[in-house]
Amino acid sequence: MRVVDDITAILTGLWTTLKHILRRPVTVQYPEEKRTPSPRYRARIILTRDPDGGERCVACYLCSAACPVDCISMQAEEVEGGRRRAAWFRINFSRCIFCGLCAEACPTTAIQMTPDYEICKRDVMDLVFEKEDLLVAHGGKDARYNFYRHAGIGVTQPRGEGAEERPPVDVRGLLP
Amino acid sequence: MMPDPVEIAFVIAKIGMVLFVILTLAAYLVYAERRLLAWIQDRKGPNRVGPQGLLQPLADLVKLLTKEDVCPPAGDRWLFFLAPAMAAIPAIMTFAIVPFGAPLRLAGRDLPLQVADLNVGLLLFMALSSIAVYGVALGGWASNSKYALLGSLRGLAQLISYELSMGLSLVPAVMLARSFRLSDIVAAQAGCWFILYQPLAFVVFLVSILAECKRIPFDLPEAEGELVAGFHTEYSGMRFGLFFVGEYINIIVLGGLAATFFLGGWHGPVLPGILWFWGKALAFAFLFIWIRGTLPRLRYDQLMHFGWKVLTPLALVNILATAWWLFLTGGA
Ligand code: SF4
Ligand code: SF4
């Protein structure tokens, strides 16, 4: 009978909602209770250093190019010894959408995402982070990687002395 | 005949008390509804203002009072400003006829806990419930906005589909109590509540009052999914608050009336009558909130279909059956 079915359906619904009244709410009471996000959570961005304490960022502009909202800007410079770095580096967190594309694009793992999601400021200008605010004293998710050990030939060590690098071949010696 | 000054003072005291209790209850019903709906949806609901959010109604009141009172420029100003009162006042007035406790014996006289014990109490309730819809209809009309107008049209369509069945479902109660006076109806249920004789009439009445207080599943005049906020789309500040509070007063009053007509009013074992009455009225309020958290909204043709083709015939058949039964058992 349709009427019986309908009434059963209504009563089943009422029973379901009654059970939910007694269930524990799933709400997280934010300022008092804080959830720890997973380490891979994408929030505040940092600029990391290599194991020797040098800045990893080589100011290649790849992050800036990858950023869909164009919130990274910088200027490159070269210091003595041939290493490149950013003269200034700026991320506007009021525009950042925390997509993580910059971290994915970076060849030196300099720019990384952290799980620190509490970036709120009263003044929107305080959300513009400069290089001093972004630079940290550790290596982030990969403490051991040092870009200049693998690339940047002849900049920080003579040719052939980098990790996984063989001594240069004397091409003339290959002649028949 | 000179009215007794003590009696007048007592009536005024009763009116003051009833107004205070009703308005406070209505404010806290809003809070209770928000909390209950939140629990139904596995949330916590308002719990910030005061302990467990108990001061939330005060915060809401301050917010409503300090908001700008906007009238749409093309609207009908007078009607627009009057309509919220027209919706809220009948709801409060209806409570005048509800007996909310056993008569008190004070200083040798019987003092009924009821503001006005009219001999046509039930008819007054029917009349006031039809007047209340003027607030909805005129508020929507005076706003001069298509959503508000659609909402008030639906309010009227809804009125004609539930009023009849609501009236008819009360006829058996009158037949059993042989009076339109609410105190007589309550007295007739001292032994056995009418819901045992009249379960069908009770169900029809329950569905009709759900429609009367414009609650889900019959909240067609508001229907926030389709009509923004229905008839009170254009209202702001305390005028909106009046519509809103009127609706919750309506819930309490109709819950109280349902208790009066079918659940024996203030009759009940052990506890004092006044507690039984409020307990029953608030149980209806809980039921309304619970239903709101469960059921979806009907289309208005479905409501009209339901009212005219199901509820009204059911109520009529019920009246006939009651009449036959009273006739056969020699009650008539
Ligand atoms: S996370 Fe996305 S939006 Fe933010 S700086 Fe990186 S690329 Fe730009
Ligand atoms: S952070 Fe990485 S991608 Fe961006 S400029 Fe520096 S090295 Fe290049």
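Residues numbered from 1 in each chain as written. Chains lettered and ligands numbered in written order. Predicted model: local features only at pLDDT ≥ 70, side-chain atom pairs only at ≥ 80, totals over all residues. Heavy atoms only, no water.

(A) Focus on the site of ligand 2. Within the structure, ligand 2 sits among A:Cys57, A:Val58, A:Ala59, A:Cys60, A:Tyr61, A:Leu62, A:Cys63, A:Met74, A:Cys106, A:Pro107, A:Thr108 and A:Ile111. Broken down by class, the residue content of the shell around ligand 2 amounts to 11 nonpolar, 1 polar and no charged. (Near = heavy atom within 4 Å. Nonpolar A, V, L, I, M, F, W, Y, C, P; charged D, E, K, R; others polar.)

(B) Up close: helix H4 (residues 121-143) of chain B. The end-to-end C-alpha separation of H4(B) is 34 Å, in line with the 33 Å expected for 23 residues at 1.5 Å each. Just downstream of H4(B) lies B:Asn144, where phi reads positive at about 55°. (Helix = DSSP H or I, 4+ residues; strand = E, 2+ residues; numbered from the N terminus. Expected span 1.5 Å × (residues − 1).)

(C) Structural view of the side chain of B:Lys214. All names here are of chain B. Locating Lys214 in the fold gives a position in the loop between helix H8 (199-212) and helix H9 (224-227). For the buried Lys214, which has no salt bridge, the nearest side chain bearing the opposite charge is Glu247, at an N-O separation of 5.5 Å. Excluding anything up to four places from it in sequence, Lys214 contacts Val136, Gln158, Asp219, Pro221, Glu222, Phe231 and Glu247. (Buried < 20%, exposed > 50% of the residue type's maximum accessible area, 1.4 Å probe, protein only. Lys, Arg positive; Asp, Glu negative; His and termini not counted. Salt bridge = Lys/Arg side-chain N within 4 Å of Asp/Glu carboxyl O. Contact = heavy atoms within 4.5 Å.)

(D) The packing of aromatic side chains, seen in detail. Applying the stated criterion to the full structure yields 25 aromatic pairs over all chains. Summarising the aromatic geometry, the rings of A:Tyr30 and A:Tyr117 are spaced 6.5 Å apart at their centres and angled 55° between planes, so their arrangement reads as tilted. Here the residue A:Tyr30 occupies a position in the loop between helix H1 (2-22) and strand E1 (45-47), and A:Tyr117 occupies one in the loop between strand E4 (111-113) and strand E5 (128-129), the gap between them amounting to 87 residues. By relative accessible area, which is 40% here, A:Tyr30 ends up partly exposed. By relative accessible area, which is 30% here, A:Tyr117 ends up partly exposed. Both rings, one in B:Phe80 and one in B:Phe81, keep their centres 5.9 Å apart while their planes meet at 65°; by these two values the pair is edge-to-face. Overall, the relative accessible area of 0% leaves B:Phe80 in the buried class. The partly exposed category is assigned to B:Phe81, whose relative accessible area is 24%. A network of ring pairs unites the aromatic residues B:Phe125, B:Phe202, B:Phe205, B:Phe261, B:Phe262 and B:Phe284 as a single cluster. Just above the ring of B:Tyr147 sits the side chain of B:Lys146; from NZ or CZ to the centre is 5.7 Å. (Phe/Tyr/Trp six-rings, centres within 6.5 Å; stacked < 30°, edge-to-face > 60°. Lys NZ or Arg CZ within 6 Å of the ring centre and 35° of its normal.)

(E) Local environment of the interface of chain A and chain B. Between chain A and chain B, the residue contacts involve 14 residues of the former and 14 residues of the latter. Both faces combined, the contact of chain A with chain B buries some 1,300 Å², and carbon together with sulfur accounts for 63% of it. Among the salt bridges present, the one from A:Glu32 reaches B:Arg48, with a minimum N-O distance of 3.2 Å. The interface formed by chain A and chain B contains 9 residue pairs in polar contact (both at pLDDT 80 or more). Looking at side-chain class alone, the side of chain A that touches chain B contains 7 nonpolar, 5 polar and 2 charged residues. (Buried area = accessible area lost by both parts, 1.4 Å probe. Polar contact = N/O pair within 3.5 Å; in protein donor to acceptor, adjacent residues only side chain to side chain.)

(F) Broad picture of the packing of helix H2 (residues 56-66) of chain B against helix H10 (residues 237-262) of chain B. All names here are of chain B. Running from amino to carboxyl end, H2 crosses H10 at an angle of 130°, the nearest separation of the two axes being 6 Å. Looking at the two axes, H2 sits oblique to H10. Facing Leu61, Leu64 and Leu65 of H2, the residues of H10 in contact are Gly237, Met238, Phe240 and Gly241. Residues that form the contact of H2 with H10 fall into these classes: 5 nonpolar, 2 polar and no charged. (Axes fitted to C-alpha atoms, helices over the stretch in contact; angles between N-to-C directions. Parallel < 35°, antiparallel > 145°, perpendicular 65-115°, else oblique.)

(G) Main features of the environment of B:Leu149. Residue and element names in this part refer to chain B. Checked against the element boundaries, Leu149 lands in helix H5 (residues 146-177). Leu149 gets classed as partly exposed once you look at its relative accessible area, which sits at 33%. Along the backbone, Leu149 and Leu227 are 78 residues apart, and their C-alpha atoms lie at a distance of 9.5 Å. Aside from chain neighbours lying at most four places away, what touches Leu149 is Gly140 and Trp141.

(H) Up close: the site of ligand 1. Near ligand 1 you find 13 residues, and of these A:Cys67, A:Cys96, A:Cys99, A:Gly100 and A:Cys102 are the closest. Of the residues assigned to the shell around ligand 1, the class counts are 12 nonpolar, 1 polar and no charged.

(I) Seen up close, the environment of B:Leu82. Mapping B:Leu82 onto the fold places it in helix H3 (residues 77-94). For the pair B:Leu82 and B:Gly135, spaced 53 residues apart in sequence, the C-alpha to C-alpha distance is 7.9 Å.

(J) How the structure looks around unusual backbone geometry. Residue and element names in this part refer to chain B. We note that Arg178 has phi near 60°; this positive angle belongs to a residue other than glycine. Positionally, Arg178 belongs in the loop between H5 and helix H6 (182-188). Although it is not a glycine, Lys214 sits at a positive phi angle of roughly 55°. Relative accessible area serves as the criterion here: at 15%, Lys214 is assigned to the buried category.

(K) Structural context of the sheet that holds E5(A). Residues and elements named next belong to chain A. Spatial strand order, E2-E3-E5: 3 strands in an open sheet with antiparallel pairing. Edge positions in the sheet fall to strand E2 (72-78) and E5, since each of these pairs with one other strand and no more. The sheet contact formed by strand E3 (residues 84-92) and E5 spans 2 bridges and is antiparallel. Residue Asn92 lies in a different strand from E5, and its bridge partner there is Val128. (Pairing = 2+ DSSP bridges.)

(L) Summary view of the pairing of E2(A). Residue and element names in this part refer to chain A. By the bridge criterion, 7 bridges tie E2 to E3 in an arrangement that is antiparallel. Bridged to Gln75 within E3 is Trp88. Counting the residues that bridge the hairpin from E2 to E3 gives 5 residues, and of these Gly81 lies at a positive phi of roughly 90°.

(M) How the structure looks around the pattern of salt bridges. Residue and element names in this part refer to chain A. According to the stated counting rule, one finds 17 salt bridges over all chains in the structure shown. Put simply, Glu118 and Lys34 hold a salt bridge, and the shortest N to O gap is 3.3 Å. Pair noted here: Glu118 is in the loop between E4 and E5 and Lys34 is in the loop between H1 and E1, with a separation of 84 residues, a long-range link. Judged by relative accessible area, Glu118 falls into the partly exposed class, the value being 37%.

(N) Quick look at the packing of H5(B) against H8(B). Residues and elements named next belong to chain B. Running from amino to carboxyl end, H5 crosses H8 at an angle of 150°, the nearest separation of the two axes being 8 Å. Two packed elements cross with a definite hand, and for H5 against H8 that hand is left-handed. Between H5 and H8, the contacting residues are Gln158, Tyr162, Glu163, Ser165, Met166, Ser169, Leu170 and Pro172 on the first element and Ala201, Val204, Phe205, Ser208, Ile209, Ala211 and Glu212 on the second. Tallied by class, residues from the contact of H5 with H8 come to 9 nonpolar, 4 polar and 2 charged. (Left-handed = near helix turned anticlockwise from the far one by under 90°.)

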